[in-house]
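# Examining the three-dimensional arrangement
One letter stands for each residue in the lines below.
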Amino acid sequence: MVTILPLDVRGATVRRRGRTIVGPVDLTLDGTGVTIVMGPNGAGKTTLLRMLHGLVRQRGGSIDWARPLAEAQAAQAFVFQTPVVLRRSVRDNIAFPLMLGGLARTQARERAEFWADRVGLAGALKQQAMDLSGGEKQKLALARALIREPQLLFLDEPTANLDGRSMREIEGILAQAQADGTRIVMATHNIGQARRMASDVIFLYRGRVHERNQASAFFAGPETGEAAAFIKGDIVE
Amino acid sequence: MGEIWQGLQAAFWLVVTLDPDLVEITLRSLQVTLCAVAIACAIGMPLGSWLAIQRFRYRRAVIALLNALMGLPPVVVGLVVYLLLSRAGPFGALNLLFSPTAMIIAQVIIVTPLVASISHQAVRELWSDYHDLLISLNASKRQRMTTLLVDARRALLMAALAGFGRAIGEVGAIMIVGGNIDHVSRVLTTAIALETSKGNFALALGLGFVLIGLAIAVSFASHALSRTEREGRW
Ligand SMILES: Nc1ncnc2c1ncn2[C@@H]1O[C@H](COP(=O)(O)OP(=O)(O)O)[C@@H](O)[C@H]1O
Ligand SMILES: [Mg+2]
């Protein structure tokens, strides 16, 4: 049950070195589906997700959750483009959020084993996480994000550096997470992936929400030239 | 040549038979150095870690100062500690000059910047890796610090070993503040200096063997550590 949504964003802006890199953004996000954030490199996808998750502070405007901020943040997880790997075993990496939350080690590890199994890492529990392949590291990051059973999961191009097989496996895990009730917001510039996963699309262009629509409508008839060119695979700057 | 050979043989026997003087001096060396390193770690590791994750106004200046202190000539440290502890100095009333405590104080001043600097580097590297995750998971300041210290534990132990290596071989400062007094403040390095100047090469060499042995043990330990670091066995 997603209770921290709807999220209501009004005029939120992120500035760096005197330059507006994202915003002003107006956006609402409600309780179901997979939102895909698309747009060319440098459009501001990463910054937008980090702003929504509270990793970068916005300047001006407002970001309002249906619940108090602390509760809203505790119910979210974030998977980064380059997975963050703790210098620990696979099991202890996955158990980490529960350990921070004060759960006893044995129980946290038990849950970690369950999630390792879910993402296909059951055979690597005691291995050092640093020794995993790129795809395995990202699956570890996914298991670690899902172990707190977040209501809302942000993913920043989680498959950008991975081969086709890892990509398929990760999409499978995400489909399962969604079926379990997790709301997903994911940045990608892989159009095939967007078509497979999206229920709705945010098209970012030069830091602004250029277009926002249901996936079917967006892919059938984008409203802006930039989105149309992007879907066609043309170069959009 | 003959003299050196005889000296080596005599030194060997001193070590093998656990000559009481040799043992006493070795134990005092270990006692002073281990105390100094323990205190230096207790100060330097939290300081280094704190500098790595806390942003404040004069952070860069403090780090620069730390690096400068690493290059402090031990003899000068000895001189300053001597002046502070001497009868006329501000801490003269404590009556610490020419005691092992004075030597420990000097060693702490020499070793702490080294330990802090190595710890700082290790924790900073880890922090830049872990930063996003720890913030995303809403880890408290205390949890961030614990996570970084636990995961940097091997690098921190290396820092302690580097500190030990520096302290055990140091002679200038402890000679000045300890006075190299027999049965009170004589340690391996100061004893070697003294015995050599007296022409007592057997004892000097024997002490030298022990010192080299300790140094080699430390470098072996570091080496073994960096191997388990790569393999991540603990
Ligand atoms: N820390 C930063 N300092 C300055 N500029 C930044 C910083 N982070 C991102 N940018 C700029 O903001 C813009 C958006 O970046 P980003 O959000 O990473 O885009 P995307 O993820 O869509 O590729 C880019 O032009 C980038 O150069
Ligand atoms: Mg990006």
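Residues numbered from 1 in each chain as written. Chains lettered and ligands numbered in written order. Predicted model: local features only at pLDDT ≥ 70, side-chain atom pairs only at ≥ 80, totals over all residues. Heavy atoms only, no water.

## Digging into the confidence of the model for chain B
Per-residue pLDDT for chain B averages 91, and the proportion of residues at 70 or more is 97%. In the predicted complex, the global pTM is 0.86; the interface-specific ipTM is 0.93. (pLDDT = per-residue confidence, 0-100.)

## Here's the deal with the pattern of salt bridges
Residue and element names in this part refer to chain A. One pass over the structure, following the stated rule, counts 19 salt bridges over all chains. A salt bridge links Arg109 to Asp92; the shortest N-O distance between them is 3.0 Å. One end of the pair, Arg109, is in helix α4 (residues 105-118); the other, Asp92, is in helix α3 (residues 90-100), and 17 residues separate them in sequence. Accessibility expressed as a relative area gives 18% for Asp92, which makes it buried. Within the structure, one salt-bridge network assembled from shared partners comprises Asp8, Arg10 and Asp26. (Salt bridge = Lys/Arg side-chain N within 4 Å of Asp/Glu carboxyl O. Helix = DSSP H or I, 4+ residues; strand = E, 2+ residues; numbered from the N terminus. Buried < 20%, exposed > 50% of the residue type's maximum accessible area, 1.4 Å probe, protein only.)

## A short note on the pairing of strand β8 (residues 200-205) of chain A
Residue and element names in this part refer to chain A. β8 sits mainly inside the fold: six of its six residues count as buried. Side-chain alternation along β8 places Asp200, Ile202 and Leu204 on one buried face and Val201, Phe203 and Tyr205 on a second face that is also buried. Strand direction decides the pairing type here: strand β3 (residues 34-38) and β8, joined by four bridges, are parallel. Across the sheet, the residue bridging to Met38 is Phe203, located in β8. Relative to strand β9 (residues 208-214), β8 runs antiparallel, the two sharing six bridges. Bridge pairing in β9 links Asp200 to Gln214. Connecting β8 to the next strand, β9, in antiparallel fashion are two residues, including Arg206 with a positive phi near 50°. (Pairing = 2+ DSSP bridges.)

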